[in-house]
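In case you want the letters, here they are:
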Amino acid sequence: MPLASALFHAGYCCPASMQAVNAVAVTLSELSQVLPEHGTTTDREEHAMLKSQERSRAIFDAAQKFIPGGVSSANRRVEPNLTFTRAEGAYIHDADGQRYIDYHAAFGPAILGHCHPEVNQRVTEAIDRIDLVGVGTSELETQLAQKIVEHVPSAEKVMFCNSGSEATYSALRVARAATGRRKLIKFQGCYHGWHDAVLMNVISAADKIGKKDLLSAGMTPEVVDDTLVLRFNDVDQLTNTIERHGSEIAAVILEPIPHNIGTVLPHDRFLDALRSLTTEHGIVLIFDEVVTGFRHTLGGYQAVAGVTPDLTTMGKAIANGFPLAALCGRAELMDHCGPDGDVFFAGTFNAHPVGVAASLATVEILERPGSYDHLFGLGERIRSGMNQLVGRHGVEAITTGFGSVFVTYFMTQPIDSYDDLLRNDAAKFVRFRREMIARGVYMMPVNLKRNHVSLSHTAEDIDSTLEVAEDVLRKMA
Ligand SMILES: Cc1ncc(COP(=O)(O)O)c(C=O)c1O
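Counting of residues starts from 1 at the beginning of each chain's written sequence and follows it residue by residue. Where totals are concerned, whole chains, interfaces and linings use all residues; where local detail is concerned, this predicted model gives features only for residues with pLDDT of at least 70, and gives and counts side-chain atom pairs only at 80 or more. For side-chain calculations, the full set of non-hydrogen atoms in the structure is used, while hydrogens and water are omitted.

Caption draft 1: Focus on the overall build of the protein. Secondary structure elements are taken from DSSP: a helix is a run of H or I of four residues or more, a strand is a run of E of two residues or more, and numbering for both begins at the N terminus. Secondary structure assignment for the protein yields 15 helices and 14 strands. Total accessible area on the protein stands at roughly 19,500 Å², and carbon and sulfur atoms take up 52% of it. Accessible surface is estimated by sampling points in the Shrake-Rupley manner with a 1.4 Å probe; for residues, cover comes only from the protein chains shown.

In structure tokens:
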């Protein structure tokens, strides 16, 4: 197994807009402390690993000439700059032929595993018959909308778009149109996409908490000003804010589990307060289930929690890696979006047969008995396995998560809100993951990012991951 000290030779790179997220660069002086631990690394092994990244590096170097920073989406440029050329089930393969067990799952879509044969077949069948026509509706789109209405408690009607950001943008616009109000509430630690109303306060530095922490230059101040950022799980703050400003607030938007900071579980009391306060004050409650939709059951986390929002956004796992997102909710709100409503909802590629066919296949597979038992069972296996390991090796860490999602924080409980995660040792978090990558287990080496298991992962994959993790933890201890 290649032990890649080379992997650690460059600090962790980050988009400028995400400085706080990524204030975890492993510096060369830290490296000099890290490297002696790799006592088994020989020059030959190191050379083999360096050589084994040659093709990845060549592709990445070429990309940097034509694509800013070499990547087309924030957070994709990470050390090591591997280029993946094949993905299959639970595994991804880099350009130099190294195989990794994949828990990154492209930030979540691959719920069935990569290149799932049944999904790919359905997509192929669809595009053999029809591609994008762009007029009227399609049978497939109607079938999928019906499936979503059957499964997602809040969904009476559905509209399709291509990305989670489009869905949350439209959800907020519908809320403003329906209420005639401007202000929004979001929570520190939740991410809802790249548009101005919500692109703030996700992984913030300690001194930015309680202030506006914008993730991009070029955002419109008036739009930013209309968003209030509150503390997740803080019922008192929520109650006070809504009691004071309720008549100005159009929507409260949240990830029901803020998975963009790993996993912070919502308190029942918090979800109940959200539902009752928004109802009482005529505010639209939006669950952003772009990560949790289909992943934490076909009904999303709202089906688990038993709290039904007014609008729901979905994306990522709903089409197992093909581009598709959805906005769904109460008919009365959704009807604002139709051609007879007052909200403009459009997109050349909306409800493209590729994404819709992929999603129909994904739903049908997830509907099969045992699918969620498998996903949740493996999630629990890795969470409990990791917690045993850190106990055995005396590492201060906790593995938490929900269902198929897991994350190991280098800290202790409690974890109730984003500010608790400031206690996470970010350098250890990233170092652990880089060591895992060097041993063939891909976990995104970015602070607070979650991991995902898919239906293609097996108990053997989890057990070999735990073996690798034990090796890493032993060294880190
Ligand atoms: C909860 C949540 N909402 C919205 C988005 C935006 O989705 P997209 O990247 O498809 O625009 C994301 C993406 O990570 C997300 O995690």
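From this point, the narrative continues.
Caption draft 2: Spatial organisation of the sheet that holds strand β12 (residues 405–409). For two strands to be treated as a pair, DSSP must find no fewer than two bridges joining them. Taken together, the three strands give an open sheet; going across it, the order is β11-β12-β14, and neighbouring strands pair in antiparallel fashion. Lying at the two open borders of the sheet, with one neighbouring strand each, are β11 (398–402) and β14 (451–452). Contact between two residues is taken to exist if any of their heavy atoms lie within 4.5 Å; hydrogens are not considered. Angles run from 0 to 180 degrees between N-to-C directions of axes, and those axes are lines fitted to C-alpha atoms, restricted for helices to the stretch in contact. Along the sheet, helix α13 (residues 371–393) contacts β11 and β12; its crossing angle with β11, the most-contacted strand, is approximately 165 degrees.

Caption draft 3: Expanded view of helix α3 (residues 54–66). The end-to-end C-alpha separation of α3 is 19 Å, in line with the 18 Å expected for 13 residues at 1.5 Å each. To sort residues, take the accessible area from a 1.4 Å probe on protein chains only and compare it with the maximum for the residue type: under 20% means buried, over 50% means exposed, and anything in between is partly exposed. All of the buried residues along α3 are S56, F60 and A63. All buried residues of α3 lie within an arc of 55 degrees about the axis, which places them on one face of the element. Seen from the open side of α3, the exposed residues pointing more than 90 degrees away from its buried face are R55, K65 and F66. Considering only its buried residues, α3 is in contact with β2 (91–94). What a helix is expected to span follows from its residue count: subtract one and scale by 1.5 Å. Note that the arc is computed from the directions linking the helix axis to the C-beta atoms.

Caption draft 4: Seen up close, the environment of L389. Tracing the backbone through its elements, the reader meets L389 in helix α13. Assessed through its relative accessible area of 4%, L389 is described here as buried. Once the C-alpha coordinates of L389 and D471 are considered, the two residues, 82 residues apart in sequence, prove to be 9.9 Å apart.

Caption draft 5: A look at a nonpolar patch on the surface. Surface patches are drawn from residues lacking salt bridges whose relative accessible area is over 30%; two like charges belong together within 9 Å, two nonpolar side chains (Val, Leu, Ile, Met, Phe, Trp, Tyr) within 5 Å. The salt bridge definition used is simple: a Lys or Arg side-chain nitrogen within 4 Å of an Asp or Glu carboxyl oxygen. Residues I130, V133 and V135 make up a contiguous nonpolar surface patch of roughly 280 Å² in combined accessible area. With respect to the secondary-structure elements, V133 resides in the loop between α4 (117–129) and α5 (139–151).

Caption draft 6: Region of the structure containing the pairing of β11. Among the five residues in β11, five count as buried, and that is most of the element. The alternating pattern of β11 places I398, T400 and F402 and T399 and G401 on opposite faces, both of which are buried. Note: β11 against β12, five bridges, orientation antiparallel. The residue bridging T400 from the neighbouring strand is V407, located in β12.

Caption draft 7: Representation of the site of the ligand in the model. Here a residue counts as near a molecule or strand whenever at least one of its heavy atoms sits within 4 Å of it. The local shell around the ligand consists of S163, G164, S165, Y191, H192, G193, E255, N260, D288, V290, V291 and K316. Here a polar contact is recorded for every N or O atom pair within 3.5 Å, except that within protein the pair must consist of a potential hydrogen donor and a potential acceptor, and residues adjacent in sequence are included only if both atoms are side-chain atoms. At 2.6 Å from an oxygen atom of the ligand is found a side-chain nitrogen or oxygen belonging to S165. Separating a nitrogen atom of the ligand from a backbone N or O atom of Y191 is a distance of 3.4 Å. Contact with the protein chains removes 84% of the 390 Å² of surface that the ligand exposes when unbound. Put simply, Ala, Val, Leu, Ile, Met, Phe, Trp, Tyr, Cys and Pro go in the nonpolar bin, Asp, Glu, Lys and Arg in the charged bin, and everything else, Gly too, in the polar bin. Classifying every residue of the shell around the ligand by side-chain character gives three nonpolar, six polar and three charged.

Caption draft 8: Seen up close, the state of the cysteines. The disulfide criterion used throughout: a pair of cysteine sulfur atoms within 2.5 Å. A full pass over the atoms with the stated rule returns zero disulfides. Cysteine C337 shares no disulfide, and the gap to the nearest cysteine sulfur, in C161, comes to 9.7 Å.

Caption draft 9: Quick look at the nonpolar core. Nine residue types can take part in a nonpolar core, namely buried Ala, Val, Leu, Ile, Met, Phe, Trp, Tyr and Cys, and a core is a set of them joined through side-chain atoms within 4.5 Å. By size, the foremost hydrophobic cluster in this structure holds 67 residues, and its most contacted members are F187, L254 and F432. With seven residues, the single largest contributor to this core is helix α15 (residues 459–476). If sequence neighbours within four positions are ignored, L254 has contacts with F187, C190, H192, F232, F270, L271, L274, L285, I286, F287 and D288. In this structure, V119, V123, I318 and V356 belong to the second largest nonpolar core, which totals 34 residues.

Caption draft 10: Representation of the confidence of the model for the protein in the model. As a per-residue measure, pLDDT tells how confident the predictor is, with possible values from 0 to 100. For the protein, the average pLDDT comes to 91, and 89% of its residues sit at 70 or higher. Considering only residues more than four positions removed or in separate chains, one finds that residues 1–50, a stretch of pLDDT under 50, has 81 contacts.

Caption draft 11: Summary view of the pattern of salt bridges. Inspection of the entire model under this criterion finds 20 salt bridges. The partner of E332 in a salt bridge is R330, with the nearest N and O atoms 2.5 Å apart. The class for E332 is exposed, based on a relative accessible area of 54%. A residue is classified by how much of its surface remains accessible, and R330, at 28% relative accessible area, is partly exposed. Note that K475 is salt-bridged to D471, the shortest N-O span being 3.5 Å. Remark: D471 and K475 occur in helix α15; sequence separation between them is four residues, near one turn of the helix. With relative accessibility at 24%, the residue D471 sits in the partly exposed group. Several salt bridges converge on common partners, so that one network encompasses E435, R439, D471, R474 and K475.

Caption draft 12: Structural detail: the environment of L274. Structurally, L274 can be placed in helix α9 (residues 268–280). Its relative accessible area of 1% is what places L274 among the buried residues. Taking the C-alpha atoms as reference points, L274 and I242, separated by 32 residues in sequence, lie 9.8 Å from one another. When neighbours within four sequence positions are excluded, L274 is seen to be in contact with F187, L238, V252, L254 and L285.

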